[in-house]
Each structure stands twice: as C-alpha cells, then as structure tokens.
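Residue-level structure breakdown
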There are 2 protein chains.
Amino acid sequence: MSDRDSSDEVVADPPPDRRRLRHEAKCAAIVAEAWELARRDGLAVISLRDLAERVDLRQPSLYAYFDSKLALYDAMFIDGYRQLLELMAQHPPADDPREALVEFVELCVRFSSEDTVRHQLLFQRTIPGFRPSPEAREVTLGFLEIGWQRLMDVGVTDVASSDIFTALVAGFTHQQVFHDPRGDRWLRHVRRAVEMFVADLEGRSPPRRRADQLRHLRPRGA
Amino acid sequence: MSDRDSSDEVVADPPPDRRRLRHEAKCAAIVAEAWELARRDGLAVISLRDLAERVDLRQPSLYAYFDSKLALYDAMFIDGYRQLLELMAQHPPADDPREALVEFVELCVRFSSEDTVRHQLLFQRTIPGFRPSPEAREVTLGFLEIGWQRLMDVGVTDVASSDIFTALVAGFTHQQVFHDPRGDRWLRHVRRAVEMFVADLEGRSPPRRRADQLRHLRPRGA
DNA sequence: GTCTATATTCGGATAGAC
DNA sequence: GTCTATCCGAATATAGAC
C-alpha cells in the first residue's frame, strides 16, 4: 500500500533517489575501466588521466567519485571480492564434502588465473600504500567463511589443518597464475592435492566419522 | 709451476684490475642500499635520487653503474638468488632424503619471510616492466636444481609430483610472508605437509624403495 | 558534478664540462 | 667516473568558475 514512493518525494536529507543511483553506476563504470587499464599497463601504474579519459571525464572529475587513488584501489578490491563471491554463489557445494572441497579449490584457482592483476590486488600485498578499508575487510570475510564451511564439512576443526589448507590454495593459485596463466598445469592436480590433504586428516584423528561437528575457527590471516 | 701469475700481468684487453674491482664493489654497495630503500618504501617506488644520495653520489652518476632502473632491479634479483644459494650451501642436505626435503622447504620459508620485498622481487611478478635477464635466469637455475635433487632423492621422477611440490613451497612461503611475517605460523607445519606429500607418493608408486633413480625433470616454470 | 587551469612534486634520463 | 644543470614528462591533487 505504498503510493508513488519513487517519483515525487520531497525528502531532503539523504535521498536514495535517481541521482544516487546514477552516481553509483558511474562509480561502477570507473572501476570496470580501471580493471581494463590495470590489465593493460599493470596494476601499480594506472594513470588517473587515462582512466578519466576512458570514462568521458576530465581527470579532476574523478575526485567527485573517489577521494584518492587508494580509494579507487579499495573500490576495485571490493569489486574483485564481490566477483569471487558471485562465482561461489553460482557453484553451490556438492553433496560429498570432499568433492565440495575439491571444487572449491578448483574454483579459486580458476578465478585467480582468469585475471592476473585481480589476483594481485586481492591476494598479494603489492600496492605500496594500499590497505583494505574496514568495509573491504568485511567483504573478504564472506569468502573466508565459505572456505571454513567447506573445511568443517570434511571434519577440520583445528587451526593447524586449516592453515595447511590455505597454504595449499595459495600455492596452487600462485603457481597457476604466474607460471601457466592460461593453462591448467596446476589446476589439474588440485584433486590429487586435496585428496592427499584429506588422507592426512584421516590418518591423524582416529577414523571416527564425525564430519559434521561445527567448531569456530578464528579469522586471523589467510 | 706457475710463477708470478697474479701480480705483474701485462694483459691489456679486459684487465680485471683494481679499477674493475672497485667498480664491482660500488655496484654491490648500491644494490645493498637499494634493498634497504625497498624495505623502507616498497620495492616499486625506489627513487634513484634517494638511492644515489645514500651512496654518496649524485643521481646521474648511478648511470655509470646501471643503464636503467630495470637494470638495477635485475642486479637486485641476481643478488637475491645469490643469497638464497649461499644459504643453501650453508645447509647441506641431511642423510635421510625425507628429512632433507623437509629442511629444504623450511629453509625456503625462512628465507622468504626474512625479507618481504626480496620475496616479492624473486618470486612474484610485481614490477611492471621487469623481466629477469638471461644472466639472471641462469642464477635461478642453480636454485631449482637443488630442489629437483631433493625431489629425486625421495623418488620423484614425474612432473606432476614436482608441480605439486612447488605449489606446496609457494603456498607455505606466501602465507608465512604475508600473514605472519615474523612468526612461524606456517613454518611449523612444513614437516607435516611434506610428510603428507611423501605419503601420497608412496601410496601411488607401489612401495618399491628405489629412491636413488635419477631421471631428469624439465625446467619449465616454478 | 563537471569543467579549465594550475599547483606541486617528483620521476628517470641526458648533455657536456671537468 | 663524477659532477652541475637541465630536460621532459608524468603524476596526484586542488582552486574556483559555471
């Protein structure tokens, strides 16, 4: 029973109206072009001049959208993690928890090798002054939680095993991205690596099959 | 029966005399200072002005030692790998090949986490225009060969297993360097990870104990 | 929000005397 | 080999009119 709630509102404070939508759309367009430029020239050497030109603005006008270059990197960072979360959402976990874990790692590797500079921004610390903002950190948690869930589903409840797993993911993505960007040289061994990881788990805890206990892992690092 | 072969030689073509030694010493000093600066400001933003000042030169004089900034990065790259090789030379392999492999990975992780920017230059592709020169590539081979040797000693003869191993090393170093630079959060699980790797090897090839066969691995990537 | 114009700083690299 | 002096370009960021 809301009538005409989007056309003729007279609110003054912070109206989420057409103007704001347009602003956000332009932000998104800028970020998209920034990725394009980063892929072309390298992440560290994006020029705000080039960028502005490509979104039909003069260079100073970018400051209406981003307070600084680092703020732009932050927006790209958030955008990148959103893409990752979207990819994960498109691939719900398989019923078998081992299979789900394998597919999770494969997705990570594929995602990273799709776009080297995105991988660089999201998973390396390579831009000199850049530190993800609190809001950006928030988004990364969404991804980490997916990983933890998959781990718990195969029975991992300790930080040690979790750390080994993150090293595994980091290693395969890194090698694939930097030594065979458009191939599958490392991707094709993900299954074997995960099976080796799971076998190690089972060798440790006596083979009690309690894969469904849920203890909480501390979100430090990784 | 060689008499006075180092004091009074009259060779003229490329005399490795005092002048050349001094030149190389200065090169080394510059590189050392460059590392210092890189650790302070970040690898990508070394300024040749700052650098020159710190080695008591004016900025243009650096060009008597390095043709360009990229040439400086190349020298740092070579220097970094020399440091790694030296470290390896100080730690000859244990008699037990599994133990030798564990220690090799632990050395790699320790070496990398000792110096983040060194790790960045040697193992990431992060400087926009930089590609290691042929001479630099030569030096990296020395390190790779040590790794292959350790792998062959535990019976690895296939590229697949070797690739999994390099992913393991890359992953542990990466996590240690970026998520716990001065701690041992990942370092302390290297042994378990390597044992899990070796167990996987033994599960694959029937447990014939022929750890000493030497087939050659192709030097692609990693 | 967008523009023009400009401030400011800094970068790498070169010329040419000594 | 080292210097002074300078070039040339590029960068991010700001001021202020519209």
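We now examine the pattern of salt bridges. For the structure on display, the rule yields 26 salt bridges over all chains. One salt bridge connects Arg-39 of chain B with Asp-115 of chain B, and the closest N-O pair in it is separated by 2.6 Å. Of the two residues, Arg-39 of chain B is situated in helix H1 (residues 18-41) and Asp-115 of chain B in the loop between helix H4 (97-114) and helix H5 (116-123); the sequence distance between them amounts to 76 residues. Classification of Asp-115 of chain B by relative accessible area gives buried; the value is 7%. A salt bridge links Arg-40 of chain B to Asp-50 of chain B; the shortest N-O distance between them is 3.8 Å. Of this pair, Arg-40 of chain B sits in helix H1 while Asp-50 of chain B sits in helix H2 (residues 48-54); the two residues are 10 residues apart in sequence, bridging distant segments of the chain. One continuous salt-bridge network, built from bridges that share partners, spans Glu-36, Arg-39 and Asp-115 of chain A.

We now examine the protein's contact with DNA strand D. By nearness alone, 16 residues border DNA strand D, and Arg-49, Gln-59 and Tyr-63 of chain A together with Ser-61 and Tyr-65 of chain B come closest of all. Backbone atoms, meaning sugar plus phosphate, form 60% of the atoms of DNA strand D positioned within 4 Å of the protein. Arg-58 of chain B has a polar backbone atom sitting 2.9 Å from a phosphate oxygen of DNA strand D. Take Ser-61 of chain B: an N or O atom from its side chain is 2.7 Å from a phosphate oxygen of DNA strand D. Residues that form the surface near DNA strand D fall into these classes: eight nonpolar, five polar and three charged.

All right, on to the side chain of Ser-113 of chain A then. All names here are of chain A. Following the sequence through the fold, Ser-113 ends up in helix H4 (residues 97-114). Given a relative accessible area of 16%, Ser-113 falls into the buried group. Those residues in contact with Ser-113, other than ones at most four positions away along the chain, are Gln-176, Val-177 and Pro-181.

Note on interface size: it is often stated as the accessible area lost on association of the parts. Residues and elements named next belong to chain A. Taken domain by domain, chain A holds domain 1 (16-67) and domain 2 (70-222). With centres defined by C-alpha atoms, the gap from domain 1 to domain 2 works out at 29 Å. Every contact between the two is made by 13 residues of domain 1 and, on the other side, 16 residues of domain 2. When domain 1 packs against domain 2, close to 1200 Å² is buried across both sides, 81% of that on carbon and sulfur atoms. Between the two partners, domain 1 and domain 2, sit one salt bridge. Counting across the interface, domain 1 meets domain 2 through three residue pairs in polar contact (both at pLDDT 80 or more). With six residues, the single largest contributor to the side of domain 1 that touches domain 2 is helix H1 (residues 18-41).

Let us now look at the protein's contact with DNA strand C. Around DNA strand C sit 16 residues in total, of which Arg-58, Ser-61 and Tyr-65 of chain A together with Gln-59 and Tyr-63 of chain B are the nearest. The sugar-phosphate portion of DNA strand C accounts for 61% of its atoms within 4 Å of the protein, the bases making up the rest. Interatomic distance of 2.7 Å between a side-chain N/O atom of Ser-61 of chain A and a phosphate oxygen of DNA strand C. Side-chain polar atom of Tyr-63 of chain B to a phosphate oxygen of DNA strand C: 2.4 Å apart, as the coordinates give it. Looking at the surface near DNA strand C, the elements that each hand over two or more residues are H1 of chain A together with H2 of chain B. A breakdown of the residues in the surface near DNA strand C according to their chemical character gives seven nonpolar, five polar and four charged.

All names here are of chain B. Contact pair helix H3 (residues 69-90) / H5: the axes reach a minimum separation of 9 Å and the direction vectors enclose 105 degrees. The pairing of H3 with H5 is recorded here as roughly perpendicular in orientation. Contacts between H3 and H5 pair Tyr-73, Met-76, Phe-77, Gly-80, Tyr-81, Gln-83 and Leu-84 from the former with Arg-118, Leu-121, Leu-122 and Phe-123 from the latter. Class assignment for the residues of the contact of H3 with H5 results in eight nonpolar, two polar and one charged.

Note on backbone geometry: most residues besides glycine have negative phi, and most peptide bonds are trans. The residue Asp-56 of chain A is not glycine, and still its phi comes out positive at about 60 degrees. Examined against the element boundaries, Asp-56 of chain A turns out to sit in the loop between helix H2 (48-54) and helix H3 (69-90).

Looking now at the environment of Thr-140 of chain B. Residue and element names in this part refer to chain B. By the secondary structure assignment, Thr-140 is in helix H6 (residues 134-153). Overall, the relative accessible area of 14% leaves Thr-140 in the buried class. In this structure the C-alpha to C-alpha distance between Thr-140 and Phe-66, which are 74 residues apart in sequence, comes to 21 Å. Ignoring sequence-local partners within four residues, the contact set of Thr-140 consists of Phe-77 and Tyr-81.

What follows is about the relation of the copies chain B and chain A. Of the transformation superimposing chain B on chain A, the axial component is 0.0 Å and the angular component is 180 degrees, with the fit at an RMSD of 0.0 Å. These values place the two chain copies in the arrangement generated by a two-fold rotation axis. Looking at the rotation axis and the C-alpha trace of chain B, the residue lying nearest is Gly-171 of chain B, at 1.7 Å. Looking at chain B, 97% of its interface residues are interface residues in chain A too, so the copies touch through the same face.

With that out of the way, let us pick up the packing of aromatic side chains. Residue and element names in this part refer to chain A. One pass over the structure, following the stated rule, counts 16 aromatic pairs over all chains. Note on Tyr-73 and Phe-130: the rings are 6.3 Å apart at their centroids and 50 degrees apart in plane angle, and the pair reads as tilted. With a gap of 57 residues between them, Tyr-73 in helix H3 and Phe-130 in the loop between helix H5 (116-123) and helix H6 (134-153) connect regions that are remote in the sequence. On the basis of relative accessible area, Tyr-73 is assigned to the buried category, the value being 3%. The structure contains a cluster of three or more aromatic residues connected by ring pairs, namely Tyr-73, Phe-77, Tyr-81, Phe-104, Phe-123, Phe-130, Phe-143, Phe-165 and Phe-197. Taking the ring centre of Phe-111 as reference, the NZ or CZ of Arg-118 above it sits at 3.5 Å.

Let us now look at the interface of chain B and chain A. Each side of the interface is counted separately: chain B has 36 residues, and chain A has 35 residues. Both faces combined, the contact of chain B with chain A buries some 3300 Å², and carbon together with sulfur accounts for 57% of it. On the chain B side of the contact with chain A, Arg-185, Arg-192 and Met-196 of chain B bury the most area, a combined 22% of that side's loss. Where chain B meets chain A, there are four salt bridges. Arg-185 of chain B is the partner of Asp-163 of chain A in a salt bridge, and the nearest nitrogen-oxygen pair spans 2.7 Å. Linking chain B with chain A are 17 residue pairs in polar contact (both at pLDDT 80 or more). Contributing elements (two or more residues each) for the side of chain B that touches chain A: H5, helix H7 (159-179) and helix H8 (190-204) of chain B. Residue contributions to the side of chain B that touches chain A peak at 15 residues, all from H7 of chain B. Per-class residue counts for the side of chain B that touches chain A are 16 nonpolar, 11 polar and nine charged.

Rules and cut-offs
Residues numbered from 1 in each chain as written. Chains lettered and ligands numbered in written order. Predicted model: local features only at pLDDT ≥ 70, side-chain atom pairs only at ≥ 80, totals over all residues. Heavy atoms only, no water. Salt bridge = Lys/Arg side-chain N within 4 Å of Asp/Glu carboxyl O. Helix = DSSP H or I, 4+ residues; strand = E, 2+ residues; numbered from the N terminus. Buried < 20%, exposed > 50% of the residue type's maximum accessible area, 1.4 Å probe, protein only. Near = heavy atom within 4 Å. Polar contact = N/O pair within 3.5 Å; in protein donor to acceptor, adjacent residues only side chain to side chain. Nonpolar A, V, L, I, M, F, W, Y, C, P; charged D, E, K, R; others polar. Contact = heavy atoms within 4.5 Å. Domains from an automatic or database assignment. Buried area = accessible area lost by both parts, 1.4 Å probe. Axes fitted to C-alpha atoms, helices over the stretch in contact; angles between N-to-C directions. Parallel < 35°, antiparallel > 145°, perpendicular 65-115°, else oblique. Least-squares fit on C-alpha atoms with pLDDT ≥ 70 in both. Phe/Tyr/Trp six-rings, centres within 6.5 Å; stacked < 30°, edge-to-face > 60°. Lys NZ or Arg CZ within 6 Å of the ring centre and 35° of its normal.

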